[in-house]
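Okay, here's what each chain looks like letter by letter:
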Amino acid sequence: MTAPTAGLLDGFVHEGLFYTDAAGLLATAVPFVEDGLAAGEPVLVATPGPQLELIRAAVGPTGDRVRYADMTEAGRNPGRIIPWVLQAFADKHPGRRVRIIGEPIWAGRTEQEYPACAQHEASINWAFAGRDASILCPYDARSLDAGVLAEARCTHPVLVDRSGRRRSGGYAPSDVVARHNRPLSVPPEAVAALRYDLETLPQVRRFVADHAAGAGLDADRVADLQIAVTELATNSVAHAGGGGTLQVWRTGTHLVCEVHDDGWLADPLAGRLAPAHDGIGGRGLVIVHALCDLVLVHSTAAGSTVRLHILRAGTA
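Thresholds, definitions, all that
Residues numbered from 1 in each chain as written. Predicted model: local features only at pLDDT ≥ 70, side-chain atom pairs only at ≥ 80, totals over all residues. Heavy atoms only, no water. 1 Å grid on protein atoms, 1.4 Å probe; cavity = no way out; pocket = protein on both sides within 12 Å on 5 of 7 lines; lining within 4 Å. Points joined across faces, edges and corners; volume = space filled by probe spheres on them. Nonpolar A, V, L, I, M, F, W, Y, C, P; charged D, E, K, R; others polar. Salt bridge = Lys/Arg side-chain N within 4 Å of Asp/Glu carboxyl O. Helix = DSSP H or I, 4+ residues; strand = E, 2+ residues; numbered from the N terminus. Buried < 20%, exposed > 50% of the residue type's maximum accessible area, 1.4 Å probe, protein only. Core = buried A, V, L, I, M, F, W, Y, C linked by side-chain atoms within 4.5 Å. Contact = heavy atoms within 4.5 Å. Pairing = 2+ DSSP bridges. Axes fitted to C-alpha atoms, helices over the stretch in contact; angles between N-to-C directions. Polar contact = N/O pair within 3.5 Å; in protein donor to acceptor, adjacent residues only side chain to side chain.

Turning next to empty space enclosed by the protein. Applying the stated criterion across every chain yields a total of 1 cavity of 30 Å³ or more. For the largest cavity, the full set of lining residues is Ile105, Tyr114, Cys117, Ala118, Glu121, Tyr139, Val148, Glu151, Ala152, Thr155 and Val176. Grouping the amino acids of the lining of the largest cavity by side-chain chemistry returns 8 nonpolar, 1 polar and 2 charged.

Okay, structure coming up:
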């Protein structure tokens, strides 16, 4: 491994690691963890289970100095990862540099999830700008297709592989966000719809509850979905022209709720940053990400569509 390029490890560092086997992963991940421990930095490793266990075994006992999280659970919804995994860990250690391994994209990710994953990786660069943090994002180059690896070169200013560490000539995170901000697929014909405004807003909760119960969701998940959709609908009434349209349908695995209104989510970090503890507002879309299994967004000056997915019982 060549020495780091001068200046690349100052301030915030976001690196993409391309590995082709366990040895390649461990050759970078283990020294990354050990260097953090030697420097007294809090360390988080958040990867899919098999990679997690490889790193844990290679690093060995560390007491509570390294936190491990299975990304297939903690980051199932890519929109949760920054506020509820990365930022939450960093915020627990104010005034200290943190070191994080985060692997948000793996071969088991669905095609439907991928756009949110790519936007997540791009958004890390803005979410952590100015913070003392090193984030290493492994990519299994054997299993992921060439398009995913090409976009990883766009979302990481520094790349790491067996040949060394270098700047990415293709770094362009804004392009990735824009490329995936595209109209969502047309829903199936069997869609239930409700137009809402201030006067009919209370109907939203009942509408969602009826369809969620009919799809077999348990009481807790029904309540989660009611909260998530109500947050979006309330935002429509308050900030997006006074109302919107809610559609609900089922797929083979999920209950899907989609909210469309005339608002514009111009900030790519909308919903991807936890608001300040003493802040007022700004929590709605963050809560939506926390409660749902997948959230897809298409937003332009002409309006916004937010699509929520909740896994149906027995379909995991």
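Once the structure has been displayed, the description carries forward.
Below, the discussion takes up the pattern of salt bridges. Considering all chains together, one arrives at 15 salt bridges under this definition. A salt bridge links Asp293 to Arg80, with the nearest nitrogen and oxygen atoms 4.0 Å apart. On the criterion of sequence distance, the pair formed by Asp293 in the loop between helix H10 (284-291) and strand E11 (294-300) and Arg80 in helix H4 (residues 78-91) is long-range, its members being 213 residues apart. We classify Asp293 as buried; its relative accessible area is 17%. Between Glu113 and Arg109 there is a salt bridge, with its nearest N and O atoms 3.6 Å apart. Accessibility assignment for this pair places Glu113 and Arg109 in one class, buried. Salt bridges sharing common partners tie together Arg80, Arg221, Asp224 and Asp293.

We now examine the nonpolar core. Of all hydrophobic cores here, the largest spans 35 residues; its most connected members are Leu86, Phe128, Ile135 and Tyr139. Secondary structure elements with two or more residues in this core: strand E2 (43-47), H4, strand E4 (98-102), helix H5 (114-127), strand E5 (133-140), helix H6 (146-155) and helix H7 (173-180). Discounting residues that sit within four places of it in the chain, Ile135 has contacts with Phe12, Val13, His14, Glu15, Leu86, Ile100, Ile124 and Phe128. Among the nonpolar cores identified, the runner-up in size contains 31 residues, and Ala192, Phe207, Val208 and Val237 belong to it.

Before going further, it helps to spend a moment on the sheet that holds strand E7 (residues 164-167). Reading across from one edge, E3-E2-E4-E5-E1-E6-E7 is the order of the 7 strands in this open sheet, with mixed pairing throughout. At either end of the open sheet lies a strand with only one pairing partner, and these are strand E3 (66-70) and E7. Across this sheet, the average inter-strand angle for adjacent strands is 20°, counted without regard to direction. When strand E1 (residues 13-19) meets E5, the two strands line up parallel, connected through 7 bridges.

Attention now goes to the side chain of Arg165. For Arg165, the location among the structural elements is in strand E7. Judged by relative accessible area, which is 16%, Arg165 ranks as buried. Engagement of the side chain of Arg165 in a polar contact is seen with the side chain of Glu15, the distance being 2.4 Å.

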